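Given next are the chains, with one letter for each unit.
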Amino acid sequence: MASTVIKLNNISKRFKNILALNNISFEVKKGNVFGYLGPNGAGKTTTIRILLGLLQPDNGSYEIMDGEGNLLPKEKIGFVLESEGLFERLTASQNLYFFGKIYKVKDLKEKVPSILELVSIKDDKQYVGTFSKGMKRRLALARALLHEPEILILDEPTTGLDPLGQMEIHEIVINLSKEKNVTVFMSSHNLDEVKKLCNSFAILYKGELKFLAGMEEVTKMGKSLEELYRLFVKESS
């Protein structure tokens, strides 16, 4: 049975008069792809920033573990946030070399070309500032994978990508989970994406966890993901 690697216990976070998260609790199992669903303003990005240590919760606690009960070093976590955080006056390779050195990645001369190929970025003469939104998303994913993380946290990973680009990212996520046992925590607006990729998911609305289940459980319920999402978001409005 898969062990827990991400655990949130009654996490709350308030920004002035806005309660962004209200006693959120759930677990993510090792090697799973976990979908975090909800409309804009639901609290998805706030949750991700807490998991990455960029924000501190007002109440509650969280743990990110290695699957054997030990806390996972931050160096073993990869992430792509809503803002890619790339250096726009450098090329794709130069960006990866820079971040690779920060992560102390070995064999960068071999890894950089192969990971650019993985995310379908071939032209390395352009500055990143000239890239489309989709190309920046792919490069941000390449950076997140460069140090071979055990947990990958993705905030809307396919935003700005065309259908082919989305399929390429989906293939990478599936391969990471099935072949390398990487745990993927991803927020998304795309219900089809979540159905295709995720083993389990949560629906968040206005800072409250409305539904949490595995995909197999939903199938046994005789409900579609679309029905559940519409039910919990609409009824909470």
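Scoring rules and cut-offs
- All chains use their own residue numbering, which begins from 1 and follows the written sequence.
- In keeping with the predicted nature of the model, local features appear solely for residues at pLDDT of at least 70, side-chain atom pairs appear and are counted solely at 80 or more, and the whole-chain, interface and lining totals rest on all residues.
- Calculated side-chain values reflect all of the structure's heavy atoms, with hydrogen atoms and water omitted.
- Partly exposed residues are those whose accessible area sits between 20% and 50% of the maximum for their type, while under 20% is buried and over 50% is exposed, using a 1.4 Å probe and protein chains only.
- Secondary structure follows DSSP: runs of H or I at least 4 residues long count as helices, runs of E at least 2 residues long count as strands, and numbering of each begins at the N terminus.
- In this description, strands pair whenever DSSP reports at least two bridges between them.
- With axes taken as lines fitted to C-alpha atoms, and helix axes fitted only over the stretch in contact, angles between N-to-C directions fall between 0 and 180 degrees.
- When checking whether two residues touch, look at their non-hydrogen atoms; a contact exists if any pair is within 4.5 Å.
- Definition used in this section: a nonpolar core is a set of buried Ala, Val, Leu, Ile, Met, Phe, Trp, Tyr and Cys residues joined via side-chain atoms within 4.5 Å.
- Surface patches are defined over residues having more than 30% relative accessible area and no salt bridge, joining like charges when they lie within 9 Å and nonpolar side chains (Val, Leu, Ile, Met, Phe, Trp, Tyr) when within 5 Å.
- Only the protein chains shown count as covering a residue, and every accessible area follows the Shrake-Rupley method with a 1.4 Å probe.
- Throughout this description, the term salt bridge denotes a Lys or Arg side-chain nitrogen within 4 Å of a carboxyl oxygen of Asp or Glu.
- The arc in question is the one spanned by the directions pointing from the helix axis to the C-beta atoms.
- Here a pair means two rings of Phe, Tyr or Trp (six-membered ring of Trp) with centres within 6.5 Å. Their orientation is stacked below 30 degrees between planes, edge-to-face above 60, and tilted elsewhere.

Regarding helix α1 (residues 44–51)
Side chains of residues three or four places apart in an α-helix project in the same direction, reflecting 3.6 residues per turn.
Working step 1: Of all 8 residues that make up α1, 6 are buried, and the element is covered over most of its length.
Working step 2: For α1, the full list of buried residues reads K44, T46, T47, I48, I50 and L51.
Working step 3: The positive-phi residue at the C-terminal boundary of α1 is G53, with phi of around 80°.

Quick word on the sheet that holds strand β5 (residues 77–80)
Working step 1: Reading across the sheet, the 6 strands line up as β5-β6-β7-β3-β8-β9 and stay open at both edges, with mixed pairing between neighbours. In this open sheet, the two edge strands, each paired with only one partner strand, are β5 and β9 (208–214). Within this sheet the neighbouring strands show an average axis-to-axis angle of 15°, counted without direction.
Working step 2: The sheet contact formed by strand β3 (residues 33–37) and strand β8 (residues 200–205) spans 4 bridges and is parallel. In the strand pairing of β8, F34 is matched with S200.
Working step 3: Packing of helix α4 (residues 133–145) onto the sheet brings it into contact with β5 and β6 (151–155), and relative to β5 it is tilted by some 170°.

Overview of the nonpolar core
Working step 1: Ranked by size, the top nonpolar core spans 48 residues in total, and within it L139, L152, F201 and I203 carry the most contacts.
Working step 2: The element best represented in this core is α4, accounting for 6 residues.
Working step 3: Filtering out sequence-adjacent residues up to four positions away, L139 remains in contact with L86, A92, N95, L96, L116, I121, V128 and F131.

Considering unusual backbone geometry
A negative phi angle is the norm for most residues apart from glycine, just as the trans form is the norm for most peptide bonds.
Working step 1: Even without being glycine, N23 reaches a positive phi, approximately 55°.
Working step 2: Positionally, N23 belongs in strand β2 (residues 18–29).
Working step 3: For N23, a relative accessible area of 47% corresponds to the partly exposed category.

Brief notes about the sheet that holds strand β4 (residues 59–64)
Working step 1: The 3 strands are arranged β2-β1-β4 in an open sheet whose pairing can be described as antiparallel. What marks the edges here is a single partner per strand, and that holds for β2 and β4. Across this sheet, the average inter-strand angle for adjacent strands is 15°, counted without regard to direction.
Working step 2: Strands in contact with α1 are β1 (4–15), β2 and β4; relative to β1, the strand with the most contacts, it is inclined by about 120°.

Notes on the pairing of β2
Working step 1: Sheet analysis places β1 next to β2, joined by 8 bridges and oriented antiparallel. Residue pairing in the sheet places F15 in a bridge with I18 of β2.
Working step 2: In sequence, β1 turns back onto β2 through a hairpin of 2 residues, with K16 there showing a positive phi of about 55°.

Quick notes on a nonpolar patch on the surface
Working step 1: Together, F87, F98 and I102 make up a nonpolar patch on the protein surface, roughly 280 Å² of accessible area in all.
Working step 2: Along the chain, F98 turns up in helix α2 (residues 92–102).

A few points about helix α3 (residues 108–118)
Working step 1: Residues of α3 that are buried include every one of L108, V112, I115 and L116, and no others. Projected down its long axis, α3 carries its buried residues within an arc of 105°, all on one side. Exposed side chains of α3 directed beyond 90 degrees from the buried face belong to K109, E110 and E117.
Working step 2: The elements touched by buried residues of α3 are α2 and α4.
Working step 3: Phi turns positive one or two residues past the end of α3, at S120, with a value near 60°.

Focus on the environment of S93
Working step 1: For S93, the position within the fold is in helix α2.
Working step 2: Under the relative-accessibility criterion, S93 is labelled buried at 12%.
Working step 3: Through-space distance from the C-alpha of S93 to that of L21 is 38 Å; in sequence the pair is 72 residues apart.
Working step 4: The residues contacting S93, other than those within four sequence positions of it, are V112, L116 and D124.

Some details on the packing of aromatic side chains
Aromatic ring pairs are defined here through the distance separating the ring centres and the angle between the ring planes.
Working step 1: Scanning all chains against the criterion turns up 11 aromatic pairs.
Working step 2: Centroid distance F87 to F99: 5.7 Å. Interplanar angle 25°. Geometry classified as stacked. Residue F87 is located in the loop between β5 and α2, and its partner F99 is located in helix α2; the two are separated by 12 residues in the primary sequence.
Working step 3: On the accessibility criterion, F99 (13% relative accessible area) is buried.
Working step 4: Ring pairing ties together the aromatic residues F26, F34, Y36 and F185, which thus form one cluster.

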